[in-house]
Amino acid sequence: MSSLTLNSVKKVYPGEVTAVYNFNADIEDKEFIVLVGPSGCGKTTTLRMIAGLEEISDGEIYIDDKLVNDIPPKNRDIAMVFQNYALYPHMTAFENMAFGLKLRRFPKNEIKKKVHDAAKILEIENLLNRKPKELSGGEKQRVALGRAIVRNPKVFLMDEPLSNLDAKLRVQMRTEIIKLHRKLQTTFIYVTHDQTEAMTMGSRIVVMKDGHIQQIDTPQNAYNNPSNLFVASFIGSPQINVLTGTIIKDNNRLYFKLPDNTLIKLPEDKRNILEEQNYVSKEVYMGIRPECLSLGDDNVQADDISIVEVEIEVKELMGAEIYTYFTICNEQMIARVKSSLDKNVGEIMKIQIKADDLHLFDKDTEKTIF
Amino acid sequence: MDTLSTINRILCKKILLISRDVSYAYPDTQAIDIDFKDLARYANSNYRGYNIYQISISENKYFICIENDKYINDKITQLVISMIELSLSTFEPVHNIVYKVINEKYTKEDLKQFREKYSDIIKGYIVLIKYPQEYKNEIYEIIINSIDTQLILPYNEFFLVISNEDNIETKFNNISKNILTELFYETSIAISNKINCLENISYNYNNCLEVFKLKDKFKILDNVINYDDMILYKIVADLNPLIKNSIYQKIFNQEFNNIIDTDIEKTIEEFFKNNLNLTDTAESIFIHRNTLLYRLDKISTVSGYDLRKFDDSMIFKIAWLIRKEQSLPVLKK
């Protein structure tokens, strides 16, 4: 068992600068939690507080129901993996992995067993006699992970461990870490600024901004049902398209009206929400994911579909699909459409918007309306 | 120590000589895994496969550890102990000399005498590494396994290291990371200039101490700091308070205080750290270059100083350091 609970955890630095406000989270045993957000959002500070490297200004942290606020880091039964691994240059991979245990005066037999077990999990048994200079970037990273694994910690804390790797290796190591989590069956807390890493690795993600938790959810749910405009914009690549407009009622139907008077149909089943919360005639933000903007078909006359004509500004062929860029009411938009698109830059393209795919956000609070 | 190798040749046994501050071993210097604290308790007995004997030379306590299965104290042992005592009473270990240099116990003439003898050892960067007593042995192990050193000795709350390696900052950054990973202890490391003679030790040692003072004063979060990078901090620390106030007021007006938040603060810090390079700064804080330009424009509009211009950035940096030194004003969230 290695659950983790953070109760109203707060970090205030001297000069009254608050880095983390009221962080509440229940992390279950064996979960892979990813703290994600832009730089300065408080994710690393939160991780450091869990590790005990940063004093908590307020609140409580429990590991396995044991309050650890005043327990020094070395006694918290955790292991950390940082962005830049620093292997001992004159030691073999085996000695690098064994070094921490040697410092803790573990018996030689136990060290040997733990290192071999970890090497097996990491599939680096054949590399144990090599020195760091004889290892590739990915292999070094695995040895660095091995140094943490041999400790058999209750919780793994990882602070942007892949940030210094090149793009190809990062993708490879992402998979390795996911596999590792499955094999170890231990709680992982992983910090990244990269939403793709968060989406692909986490069983749940904690999206943070300016020291506040914006949403704790499964990646899928954070993507499909973002709690606010920030989460909607931060999660997803390419980013969600956002337009400003007014909710209007015409012929007993609700529309999102753009500044150029284009009308986009809103979902009928959300009508009550908008009316009850007095959004009719109010300005709101509308978000739509690039993959929800499909090529318009004149034959489609569905009641929940709006067709908008746009001029293609840029086309980026991505293989199976094309990213097309265009402008609506001075806002840069992007659509992911099928690679069979036969229109060229400068030509007019019809795109269709399904009412159910729309997200609306309050203009003042930026919170999700639906 | 040559005496230890002679004894080892005669006895064919591993031999260690351990004092509070320095240890010697023959044949393997990395074999010392006995703590000084334990030795006093086990003097005149067998401990962890060694016979422990205690001697005192000029008020310094030493322990001689000779590899053996059971404790013996025969005439050969007494002879060995006498050899070591004699050797220690005539031998001035380099660490003793360094201690005395730091404490300015030598005259210039004394130092000249040592200069040639220790010219190979006293060559390299002077580095101070802070350590807590509880991790003294572990941190020592991490250092010697991470970098080639000419000398490493504990002094007050630091390890004083002389190392002649290239990329010294990167290597000590790695040491700092390893100490953090292995021990969950955040150390502070100060690197001074390269020295090539004994006389320079004291000056550079004091520079390292000054680095620690400036780190505290300006609340610098970096764990490894090079003295050369602290010169501007030193200038600001020594500035007349009236001048400090006038520079501060000029830049940090109400308008600036209204726009500053964690993003702007991070942008300023990283822009300076990346030598005013737009691409590197944008990459380091994971933002688009245009976002960075937007933030820099915003700073320029409210403060009147464009950080992309050298002269403006220089004045701004001084004001920024004054602000950090005084921890003012409170950041608006």
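Comments concerning the overall build of chain B
Point 1. When you go through chain B residue by residue, the secondary structure sums to 15 helices and ten strands.
Point 2. In terms of overall size, chain B is more extended than a compact globule, its C-alpha atoms giving a radius of gyration of 26 Å where 333 residues would be expected to give roughly 20 Å.
Point 3. Taking the principal axes of its C-alpha atoms as reference, chain B extends roughly 85 × 45 × 30 Å.
Point 4. Restricting the contact set of chain B to residue pairs at least 6 apart, pairs at least 24 apart contribute 59%.

Quick word on the overall build of chain A
Point 1. If you tally the helices and strands in chain A, you get nine helices and 21 strands.
Point 2. Looking at chain A as a whole, 52% of its 370 residues are labelled buried.
Point 3. At a minimum sequence separation of 6, the contacts of chain A that also span at least 24 residues come to 66%.
Point 4. Distance between charge centroids for chain A: 10 Å, based on 48 positive and 53 negative side chains.

So, the sheet that holds strand 19 (residues 331–338) of chain A
All names here are of chain A.
Point 1. Spatially, three strands are ordered 17-18-19 in an open sheet, and the strand pairing comes out antiparallel. Edge positions in the sheet fall to strand 17 (314–317) and strand 19, since each of these pairs with one other strand and no more. The sheet shows a mean angle of 20° between the axes of neighbouring strands, taken without regard to direction.
Point 2. Note: strand 17 against strand 18 (residues 321–328), four bridges, orientation antiparallel. From the neighbouring strand, Lys315 faces strand 18, where its bridge partner is Thr324.

Description of the packing of helix 10 (residues 241–251) of chain B against helix 15 (residues 310–326) of chain B
Residue and element names in this part refer to chain B.
Point 1. One can describe the packing of helix 10 onto helix 15 by two numbers: an axis separation of 9 Å at closest approach and a directional angle of 110°. Between helix 10 and helix 15, the angle is such that the two are roughly perpendicular. Here Lys244, Ile247, Tyr248 and Ile251 of helix 10 lie close against helix 15, whose contacting residues are Ile315, Phe316, Ile318, Ala319, Ile322, Arg323, Glu325 and Gln326.
Point 2. Here the residues of the contact of helix 10 with helix 15 sort into eight nonpolar, one polar and three charged.

What about the confidence of the model for chain B?
Point 1. Mean pLDDT over chain B works out to 85, with 94% of the residues at or above the 70 mark.
Point 2. Confidence drops under pLDDT 50 across residues 329–333 of chain B; counting only partners more than four residues distant or on other chains, this segment forms 18 contacts.

Digging into the nonpolar core
Point 1. By size, the foremost hydrophobic cluster in this structure holds 63 residues, and its most contacted members are Ile122(B), Ile201(B), Phe256(B), Ile268(B), Ile299(B) and Phe316(B).
Point 2. Beyond its immediate sequence surroundings of up to four residues, Ile201(B) is in contact with Val98(B), Val101(B), Ile102(B), Ile122(B), Ile126(B), Ile162(B) and Ile195(B).
Point 3. In terms of nonpolar packing, the next biggest core, distinct from the first, is built from 47 residues, Leu87(A), Met158(A), Tyr190(A) and Met201(A) among them.

Side note on the packing of aromatic side chains
Point 1. Using the criterion set out here, one finds 21 aromatic pairs over all chains in the structure.
Point 2. Measuring from centroid to centroid gives 4.0 Å for Tyr42(B) and Tyr47(B), while their planes differ by 5°, and the two rings are stacked.
Point 3. Judged by centre distance (5.1 Å) and plane angle (55°), the ring pair of Tyr248(B) and Phe252(B) falls under tilted. By the burial criterion, Tyr248(B) is buried, and Phe252(B) matches it.
Point 4. The ring centre of Tyr279(A) lies 5.5 Å from the NZ or CZ of Lys282(A), which sits over that ring.

Section: the interface of chain B and chain A
Point 1. Counting from both sides, the interface comprises 27 residues of chain B and, opposite them, 31 residues of chain A.
Point 2. Together, the buried faces of chain B and chain A total about 2,800 Å²; carbon and sulfur atoms form 55% of this surface.
Point 3. Viewed at the interface, chain A and chain B are joined by four salt bridges.
Point 4. Across the salt bridge formed by Arg151(A) and Glu182(B), the nearest N and O atoms sit 3.3 Å from each other.
Point 5. Remark: the boundary between chain B and chain A carries ten residue pairs in polar contact (both at pLDDT 80 or more).
Point 6. When residues of the side of chain B that touches chain A are traced back to their parent elements, those giving at least two are helix 6 (136–146), helix 7 (168–183) and helix 12 (262–273) of chain B.
Point 7. Looking at side-chain class alone, the side of chain B that touches chain A contains nine nonpolar, seven polar and eleven charged residues.

Some points on the sheet that holds strand 8 (residues 158–163) of chain B
Residue and element names in this part refer to chain B.
Point 1. Here five strands make up an open sheet; going across it, the order is 7-8-6-9-10 and the pairing mixed. Single-partner strands in this sheet number two, and they are strand 7 (151–155) and strand 10 (224–226). The sheet shows a mean angle of 20° between the axes of neighbouring strands, direction not considered.
Point 2. Here strand 9 (residues 189–195) runs beside strand 10; their pairing, made up of three bridges, is parallel. Bridge assignment links Ala190 to a residue of strand 10, and that residue is Ile225.
Point 3. Where helix 4 (residues 94–102) meets the sheet, it contacts strand 7 and strand 8, and its direction lies at approximately 55° from that of strand 7.

Quick look at the pattern of salt bridges
Residues and elements named next belong to chain B.
Point 1. Tallied over the full model, the rule gives 27 salt bridges over all chains.
Point 2. Between Glu165 and Lys171 there is a salt bridge; the shortest N-O distance is 2.6 Å.
Point 3. For Glu165, a relative accessible area of 14% puts it in the buried group.
Point 4. For Lys171, a relative accessible area of 25% gives the class partly exposed.
Point 5. Across the pair Asp306 and Arg308 runs a salt bridge whose closest N-O atoms are separated by 3.0 Å.
Point 6. Residue class for Asp306 comes out buried when judged on its relative accessible area of 14%.

A few points about the environment of Lys66(A)
Residues and elements named next belong to chain A.
Point 1. Tracing the chain through its elements places Lys66 in strand 5 (residues 66–67).
Point 2. Taking the C-alpha atoms as reference, Lys66 lies 9.1 Å from Leu4; in sequence the two are 62 residues apart.
Point 3. Those residues in contact with Lys66 that sit more than four places away from it in its chain are Ile61 and Ile71.

Concerning the pairing of strand 4 (residues 50–57) of chain B
Residue and element names in this part refer to chain B.
Point 1. Most of strand 4 sits out of view: six of its eight residues are buried.
Point 2. With three bridges connecting them, strand 3 (residues 45–47) and strand 4 associate as antiparallel partners. Bridge pairing in strand 4 places Tyr47 opposite Tyr50.
Point 3. In this structure, strand 4 lies alongside strand 5 (residues 60–67), joined through eight bridges in antiparallel fashion. Paired with Asn51 across the two strands is Ile66, which belongs to strand 5.
Point 4. A loop of two residues connects strand 4 with strand 5, the two strands running antiparallel in sequence, and Ser58 in this loop sits at a positive phi of about 45°.

Side note on the state of the cysteines
Residues and elements named next belong to chain A.
Point 1. A full pass over the atoms with the stated rule returns zero disulfides over all chains.
Point 2. Counting only cysteine sulfurs, Cys292 is the nearest neighbor of Cys329, a cysteine outside any disulfide, at a range of 19 Å.
Point 3. With a relative accessible area of 24%, Cys329 lands in the partly exposed category.

Notes on the environment of Ile285(B)
Point 1. Tracing the backbone through its elements, the reader meets Ile285(B) in the loop between helix 13 (278–284) and helix 14 (289–303).
Point 2. Along the backbone, Ile285(B) and Ile191(B) are 94 residues apart, and their C-alpha atoms lie at a distance of 26 Å.
Point 3. For Ile285(B), the contacting residues outside a window of four places in its chain are Ser39(A), Lys266(B), Thr267(B), Glu270(B) and Arg295(B).

Cut-offs applied
- Residues numbered from 1 in each chain as written.
- Chains lettered and ligands numbered in written order.
- Predicted model: local features only at pLDDT ≥ 70, side-chain atom pairs only at ≥ 80, totals over all residues.
- Heavy atoms only, no water.
- Helix = DSSP H or I, 4+ residues; strand = E, 2+ residues; numbered from the N terminus.
- Rg over C-alpha atoms; globule rule 2.2 N^0.38 Å.
- Contact = heavy atoms within 4.5 Å.
- Buried < 20%, exposed > 50% of the residue type's maximum accessible area, 1.4 Å probe, protein only.
- Lys, Arg positive; Asp, Glu negative; His and termini not counted.
- Charge placed at Lys NZ, Arg CZ, Asp CG, Glu CD.
- Pairing = 2+ DSSP bridges.
- Axes fitted to C-alpha atoms, helices over the stretch in contact; angles between N-to-C directions.
- Parallel < 35°, antiparallel > 145°, perpendicular 65-115°, else oblique.
- Nonpolar A, V, L, I, M, F, W, Y, C, P; charged D, E, K, R; others polar.
- pLDDT = per-residue confidence, 0-100.
- Core = buried A, V, L, I, M, F, W, Y, C linked by side-chain atoms within 4.5 Å.
- Phe/Tyr/Trp six-rings, centres within 6.5 Å; stacked < 30°, edge-to-face > 60°.
- Lys NZ or Arg CZ within 6 Å of the ring centre and 35° of its normal.
- Buried area = accessible area lost by both parts, 1.4 Å probe.
- Salt bridge = Lys/Arg side-chain N within 4 Å of Asp/Glu carboxyl O.
- Polar contact = N/O pair within 3.5 Å; in protein donor to acceptor, adjacent residues only side chain to side chain.
- Disulfide = S-S within 2.5 Å.

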